[in-house]
Structures are given as structure tokens and as C-alpha cells.
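Chain by chain, the residues:
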Amino acid sequence: MIKVDISNVWGDLSLPDLLALEKEVFAAHKTLDEGTGAGNDFLGWQNLPVNEPTEEMLRIQKAAEQIRADSDVFVVIGIGGSYLGPRAAIELLQGPNHNIGKGKGNPQIYFAGNGLSTRHWNELCRLLEGKDFSIAIISKSGTTTEPAIATRALRWMLERKYGTEGAKKRTYAITDPAKGALRQMATEEGWETFVIPPDVGGRFSVLSPVGLLPMAVAGIDIVAMMQGACEAKKTYDIRSFENPVWLYAATRNLLYRHGKKIELFESYEPGFKMLGGWWQQLFGESEGKDGKGIFPATAELTADLHSLGQMIQEGERNMFETMVRFAPPEKQYVIGPDFKNLDGLNYLAGKTLDFVDEKAYLGTMAAHVDGGVPVITMDVGELTDKKLGELFYFLELSCGVSAYMLGVNPFNQPGVEMYKRNMFQLLGKPGYEAK
Ligand code: PA5
């Protein structure tokens, strides 16, 4: 079980304040579980975890084997909920430099269509030069501009390189079962497709084919990951403060009500950055509405202690931290002695890097707590494919409970449409002409 430690959040608050929220968190959990709240047509993410591979998961594994065998590079096209989850999983489990040294048999994985940068596009073209590649197009609506532009360009590249039939075999689409331009295109072109269930929103889709195909291509054990999520579904169903989901959801709401408007979700692992990005979308898009919501920010320690550290320690007292901890890796690095000791580090000789990391964590937490920044600690345990499945589900469930406690619909995102309308008008998209 993921452990949530709230012993470092007190200060202006006390345990009775938290316990006073028991009825509220119970009601929020019940609303989610019984599907009686706002957005209850988007609860399909709760049905995604499975113990045994489904027929679709077997197809995903087969497609992944094919891609691993015939591609040096696999390009995943998608934006927001259609790309953050798989990227987060791959970078957390395999490190931010996971692509180095990879090729056919274990392809490099790049992400496209998550922005409109020409420099990024030029870089991708350079990376694909002379390489065999396949693409996955991920879009639930099938109409999002950024991935649509990348799709058109990459399809043409594939067709030029492999001809129509060859390109067809290297193109996979993950989209709605019936609706949208991508579904239509996939049917017409004869691409292999996987389904995003209509009742699963983008930011809750990591355990659907959206996350599973790229992860399987990266060599992640998707069956173990789903089993982890499946266990999480049972483990975190407890209706009391013994449930770490309750502790996390209720504590962050309590802190918010006491002026802590920013949550800094952080870890001491560089590979965590994209998981932070995934969490940011999950909580930001779910909670930021009706003039409410904790602003989700992320940090990577110790690196960001040398940039954000000053602000955390002495800036406006409007934030709290959620520190995610993982068990130390098996292979340890021991700091060696140096007879000259010019760097003055001999006092650490014989100690592991992890020992130093632990002390940095404890020292930083004490400093921040003293400085008026409450710290929630989330102890995940060993970092495995299965455990990550558990963490994904744990955070999704926490998000649903927390958003209902906040009094908002966790499953819509009306605000995301505003920029699109303006952009389409400026681009002259038919149907969006200025009135
Ligand atoms: O969470 C969401 O719904 C969004 O972030 C979407 O995932 C994102 O806008 C991409 O949408 P689509 O998958 O329809 O291309």
C-alpha cells in the first residue's frame, strides 16, 4: 500500500481539523463509487484495471512486438491526456535518457503532436533520417489540431518511405470506437486500431491503450501494471482515514481552505518530471474550475532546490509540498575515499549516494516545515511496473475524491475550449469566422 504521511502538515492545523472532514470525504468517495455526482458519464477509468490480459491487451502486445522488431524509432502522436501518461511511465521506469543506445529490437520512442514548435518538428525529422519507424496516432476526439498536423506530416513521410501498403502496416490509431476524424481515417486507410472507451476522459486514460501501447513498445510489462492497478482498486476502497486516498484528498483540501493555494508535487528522481506533468494535468484540469482549485506545480529535487528553493523557504506562505518517495534501487553507488581530499568529501567516503539523498530529503523537509510549508509524504515503495499501475490508480482515485470535496465536476474541462475557439478564428477555420 502507498503510505501517506501527514505528520509534517501541522502548524496552524490540528488533527481534529482533519477528522472534522470525515463526513465530507466519505460522501465524496461514495458519490464517486456510486456514480451519482457531476460528470458521472466519465467514470469508465474505474473499469480499466484487469487481472488477466484482455483480448485488446493481447493485440497490443502483438502490435508492440511487431513495432519492436521492425522499427528503430516509434513516434507517438498525441497531446494532453493522449500522451502525458505513457511518457510519464516510460521516463519514470526507464529514466529520462531512455532512448540512448536503443534501436531495432528495442526502439527509441519519441513524442510528436504535443505542440506547434517548428524547431521540435525539425529535430524529429533529423532523428528519423535513415531510420525505420512506425507511428501511433492517439486522439480521442480525432480532431485536435496539434496531433492532426503531426499525423498528416508523418503519414506522408511513411508513405514516401514505404509506399501505401508499407505505411499502412506501420500506422496504429488509438481513438474513439465510432466517432471522429481519426476513426474515419483509420477505417478508410485500414490501420490497426485500439479503443479509448467513450466514458474515459483523456487525463484518466493512461491505463487504456493510450498508455498501454507505447509502454508495451518500451518493454514495460503492461500485464503487471494492470494487476497493480487492479489491486489498488481493492486496496483503496476502505472508507476511513486508514485509507491513504482519504488522507491525501482530505489533507490537501484542508490545507487549501487554510490558504495553501499551491501544491508542489515533487520527488528526488529526475525520471519523475513527466509523472509530475501527468499529475499536473490530472489535478489541474479536474479541479481548476468555478474560480476554485489548488494550483498544481511540480519540482525535481535536489536540482530545483537550487532554483525554487529560496521561494519555497521564504516566499509567500501559500504553498504545500507533496513529496513522493521511492525505495532505494538495488544497485547502490558508494562514494570512494581520495587521499588528497581536495574536495573535502572524505567525510562521506564509504557512504552511498542514496544515504546522502536521504539526508538531503530529511534536512530539506525540516527546513521547509520550519519555514511554514506543510509537507505531505507519499511513500510509494519499490519502483516496479506493477507498482506504477497502483500509483496511477491511487492518484486518479484521490483526484476524483478530492475534486468532489472541492465541489467541482472532476471530469469535464470546459475552459480548455476557449483558446481553441480564438486560435481557429485567427486561422480562418471554416465555422469559426469572426462575427
Ligand atoms: O484530458 C483531456 O481531455 C485533454 O487533455 C485531451 O486529452 C487532449 O486535449 C487531447 O484530446 P484528444 O485525445 O481528443 O486529441
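Look above for the structure.
On a predicted model such as this, the values are computed, not experimentally measured, just so you know. (Residues numbered from 1 in each chain as written. Predicted model: local features only at pLDDT ≥ 70, side-chain atom pairs only at ≥ 80, totals over all residues. Heavy atoms only, no water.)

S.K.: Mind laying out the sheet that holds strand β10 (residues 375-381), listing which residues take part and the relevant values?
M.R.: Whether parallel or antiparallel, the strands of a sheet pair through hydrogen bonds between backbone atoms. Taken together, five strands build an open sheet; the order of strands is β1-β10-β9-β7-β8 and the sheet is mixed. Each edge of the sheet is formed by a strand with only one pairing partner; in this case those strands are β1 (3-8) and β8 (295-300). The sheet shows a mean angle of 25° between the axes of neighbouring strands, taken without regard to direction. Where strand β9 (residues 319-326) lies against β10, six bridges are found, and the strand directions are parallel. By the bridge assignment, F326 is partnered in β10 with G381. (Pairing = 2+ DSSP bridges. Helix = DSSP H or I, 4+ residues; strand = E, 2+ residues; numbered from the N terminus. Axes fitted to C-alpha atoms, helices over the stretch in contact; angles between N-to-C directions.)

S.K.: Let's hear about the sheet that holds strand β2 (residues 73-77): which residues, and what values?
M.R.: Read across the open sheet, the five strands follow the order β3-β2-β4-β5-β6; overall the sheet is parallel. Strands with a single pairing partner mark the edges of an open sheet, and in this sheet they are β3 (108-112) and β6 (192-195). Between one strand and the next, the sheet's axes are offset by a mean angle of 20°, whatever the strand orientation. Bridge count between strand β4 (residues 133-138) and strand β5 (residues 171-175): four bridges; the pairing is parallel. Looking at β5, one finds that I138 is bridged to I174. Seen against the sheet, helix α3 (residues 55-70) touches β2, β4, β5 and β6 and runs at an angle of roughly 135° to β6. (Contact = heavy atoms within 4.5 Å.)

S.K.: How would you summarise the packing of α3 against helix α9 (residues 222-235) if you had to cite specific residues and measurements?
M.R.: Axis separation between α3 and α9 bottoms out at 11 Å; the angle between their running directions is 145°. Two secondary-structure elements touch here, α3 through M57, I60 and Q61 and α9 through I222, V223 and M226. Here the contact of α3 with α9 is composed, by residue class, of five nonpolar, one polar and no charged. (Nonpolar A, V, L, I, M, F, W, Y, C, P; charged D, E, K, R; others polar.)

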